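# Structure assessment
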Amino acid sequence: MQKLIGPFKQILTLAGMPLKGRLRDDQLEIIVDAGVLVADGLIKAVGKFDQLRSKYISVAIEEIEGEQVLLPGFIDCHTHICYGGNRAKDYALRIAGKTYLEIAKAGGGIWDTVTQTRLADEQSLLDGLLKRANHHLSEGVTTIEVKSGYGLNIEHELKQLRVIREAGKLTKADLVPTCLAAHMLPKDFDGDTDYYFAYLLQTLLPTIYNEKLSKRVDIFIEKSAFNPEDAAVYLTAAKYMRFDITVHADQFTTGGSAIAVDVGALSADHLEASKAKEIRLLAKSDTVAVVLPGASLGLGMPYASARKLLDAGANVAIASDWNPGSAPMGDLLLQASVMAAAEKLTTAEVFAGLTYRAAKALNLNDRGVIATGMMADMQAYSCADYREILYYQGKLKAGMVWKKGERV
Ligand code: NIG
Ligand code: FE
């Protein structure tokens, strides 16, 4: 069924903009008094509302009241929202001065969530994941990447990935699953890193591939997790098995981003510790630099140098990293707005990072802009000018959201 949605005061299409490097706000395509023609979940036409109405005379109209600004749905290309329990205890210690690594060493951190996630049954994991995914969707996030990484053995990594698949059938948001079995060396694993990687490569990844549970493999390269040399071996093998690669890189120490670029990863995420050398390397590559302001806010640490990455020519996407430890808030728009003020990002750079540039990090070319032929994933804000959205720093939320052309 065809329908014409509008009129919108402004449509910010995000179309026709470069994939990499800095953006000026005058590069944004803004159509005023505009409408979108939608059919079968796709965008069939975008333009002036009156012109579309006269051209498609008998089409149904979904009328928009008041002044509204339309954007593509946001794409959150990095989350860990499938987990059991919470880490409020860790958070209290952290704001009182303990570091992430100190907390991890004292038995908190990722391992605590692994314990709680292993104890959780599938139904409770599913309920938690669905609640978070639907909350994201209600705030305009129409595509959500979701990592495993709190199972850390075959049984529980598969449990998480199956729960993510099940949730994908029950929410209208698109969920993109990623295997993060290499989140840390599990404390109960009887063996070393080489042995753990062999176990993952020989047993877990083939099952994931055959059951189509995920096409993506992630790893945490860090002192408390895996070193760059071992990671390179694992990622090269995973790539050979035809998985797309993404890397938790340069969060506290450098080393991860170079491996990400080397293995041709779709994205290198975090980058808070990246310096000139890493920035140059990322900018020259096709690997998307994903910055995660929610982790900086949650840890009380500096942001990744998004400004320098963009100036150097990198493709910078912005994601929430929503997880129970370092980034429990999960408010993507708030995080992006607040980081923009600190990092001096243009509105165009922020919206690009939340839409078509994030789509690239997930290797999706059917979404992230409002243009003919693209998926009709859209969100509208009650305001007359697109600049009001970041101005309210996340307090002004999308009042209307469409997934594949349907209001959710
Ligand atoms: O992206 N850095 C490693 N992994 C997550 C944190 C996960 C956790 O603390 O549970 C991150 O910040
Ligand atoms: Fe993460």
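The model shown is predicted, which means the values in this text are computed figures rather than measured ones.

### Things to note about the overall build of the protein
Per the secondary structure count, the protein includes 16 helices and 16 strands. Relative to its length of 408 residues, the protein is compact, with a C-alpha radius of gyration of 21 Å against a globular reference of 22 Å. Dimensions of the protein, computed from the C-alpha atoms along their principal axes, are close to 70 × 45 × 40 Å. Summarising the internal contacts of the protein: among those between residues at least 6 apart in sequence, 73% fall at separations of at least 24. For the protein, the accessible area works out to roughly 16,200 Å², and carbon and sulfur atoms hold 53% of it. One way to put it: in the protein the 46 positive side-chain charges average out to a point 2 Å from where the 49 negative ones average out.

### Some words on the domain arrangement of the protein
As assigned here, the protein comprises domain 1 (3-72 + 369-407) and domain 2 (75-361). The straight-line distance from the C-alpha centre of domain 1 to that of domain 2 is 30 Å. Summed over both partners, the interface of domain 1 with domain 2 comes to about 2,700 Å²; 62% of that surface belongs to carbon and sulfur atoms. For the domain 1 face of the interface with domain 2, the top three residues by lost area are Leu19, Lys20 and Leu390, together amounting to 24%. At the boundary of domain 1 and domain 2, one finds 4 salt bridges. Residue Asp174 pairs with Lys403 through a salt bridge whose shortest N-O separation is 2.7 Å. Applying the counting rule to domain 1 against domain 2 returns 17 residue pairs in polar contact (both at pLDDT 80 or more). Top contributing element to the side of domain 1 that touches domain 2 by residue count: strand S15 (residues 400-403), with 3 residues. Taken together, the residues that form the side of domain 1 that touches domain 2 break down as 19 nonpolar, 4 polar and 8 charged.

### Here we look at the site of ligand 1
As a structural note, the neighbourhood of ligand 1 is formed by 15 residues, with Arg87, Tyr100, Tyr150, Gln251 and Ser326 the closest of them. The side chain of His183 places a nitrogen or oxygen atom 2.8 Å from a nitrogen atom of ligand 1. Between ligand 1 and the protein, one listed contact pairs an oxygen atom with a side-chain N or O atom of Asp321 at 2.8 Å. Bound to the protein, ligand 1 loses 100% of the 330 Å² it would expose on its own. Classifying every residue of the shell around ligand 1 gives 4 nonpolar, 9 polar and 2 charged.

### Some remarks on the packing of aromatic side chains
Overall, the coordinates contain 12 aromatic pairs when judged by the stated rule. Note on Phe74 and Phe351: the rings are 6.4 Å apart at their centroids and 25 degrees apart in plane angle, and the pair reads as stacked. Of the two residues, Phe74 sits in strand S6 (residues 74-76) while Phe351 sits in helix H14 (residues 347-354), which places them 277 residues apart along the sequence. Accessibility expressed as a relative area gives 1% for Phe351, which makes it buried. Residues Tyr209 and Phe243 carry aromatic rings whose centres are separated by 5.6 Å and whose planes lie at 80 degrees to one another, so their mutual orientation is edge-to-face. Taken together, the residues Tyr209 in helix H7 (residues 193-210) and Phe243 in the loop between helix H8 (228-240) and strand S10 (244-249) connect sequence positions 34 residues apart. Assessed through its relative accessible area of 33%, Tyr209 is described here as partly exposed. Using a relative accessible area of 3% as the deciding quantity, one classes Phe243 as buried. One aromatic cluster is present, built from ring pairs that chain together Phe189, Tyr195, Tyr196, Phe197, Tyr199, Phe226 and Tyr234.

### Here we look at the coordination of the iron ion (ligand 2)
The reference angle at a metal is 109.5 degrees if four donors form a tetrahedron and 90 or 180 degrees if six donors form an octahedron. His78 (NE2), His80 (NE2), His248 (NE2) and Asp321 (OD) make up the full set of protein donors to the iron ion (ligand 2), lying at 2.1 to 2.2 Å. One chain supplies every donor for the iron ion (ligand 2), spaced along it as H-x1-H-x167-H-x72-D. Placement of the pair is His80 in the loop between S6 and helix H2 (88-95) and Asp321 in the loop between strand S13 (316-318) and helix H13 (332-343), with a sequence separation of 241 residues. Here His80 falls in the buried class, since its relative accessible area comes to 2%. On the basis of relative accessible area, Asp321 is assigned to the buried category, the value being 1%.

### Remarks on the state of the cysteines
The full count for this structure, using the stated rule, is 0 disulfides. Left unpaired, Cys77 is separated from the closest cysteine sulfur, that of Cys179, by 18 Å. The buried category is assigned to Cys77, whose relative accessible area is 2%. Between Cys82, a free cysteine, and Cys179, which holds the nearest cysteine sulfur, the sulfur-to-sulfur gap is 12 Å.

Conventions adopted
Residues numbered from 1 in each chain as written. Chains lettered and ligands numbered in written order. Predicted model: local features only at pLDDT ≥ 70, side-chain atom pairs only at ≥ 80, totals over all residues. Heavy atoms only, no water. Helix = DSSP H or I, 4+ residues; strand = E, 2+ residues; numbered from the N terminus. Rg over C-alpha atoms; globule rule 2.2 N^0.38 Å. Contact = heavy atoms within 4.5 Å. Areas by Shrake-Rupley, 256 points an atom, 1.4 Å probe, with all protein chains shown as cover. Lys, Arg positive; Asp, Glu negative; His and termini not counted. Charge placed at Lys NZ, Arg CZ, Asp CG, Glu CD. Domains from an automatic or database assignment. Buried area = accessible area lost by both parts, 1.4 Å probe. Salt bridge = Lys/Arg side-chain N within 4 Å of Asp/Glu carboxyl O. Polar contact = N/O pair within 3.5 Å; in protein donor to acceptor, adjacent residues only side chain to side chain. Nonpolar A, V, L, I, M, F, W, Y, C, P; charged D, E, K, R; others polar. Near = heavy atom within 4 Å. Phe/Tyr/Trp six-rings, centres within 6.5 Å; stacked < 30°, edge-to-face > 60°. Buried < 20%, exposed > 50% of the residue type's maximum accessible area, 1.4 Å probe, protein only. Donors = N, O, S within 2.8 Å, 3.2 Å for Na, K, Ca; no water. Disulfide = S-S within 2.5 Å.

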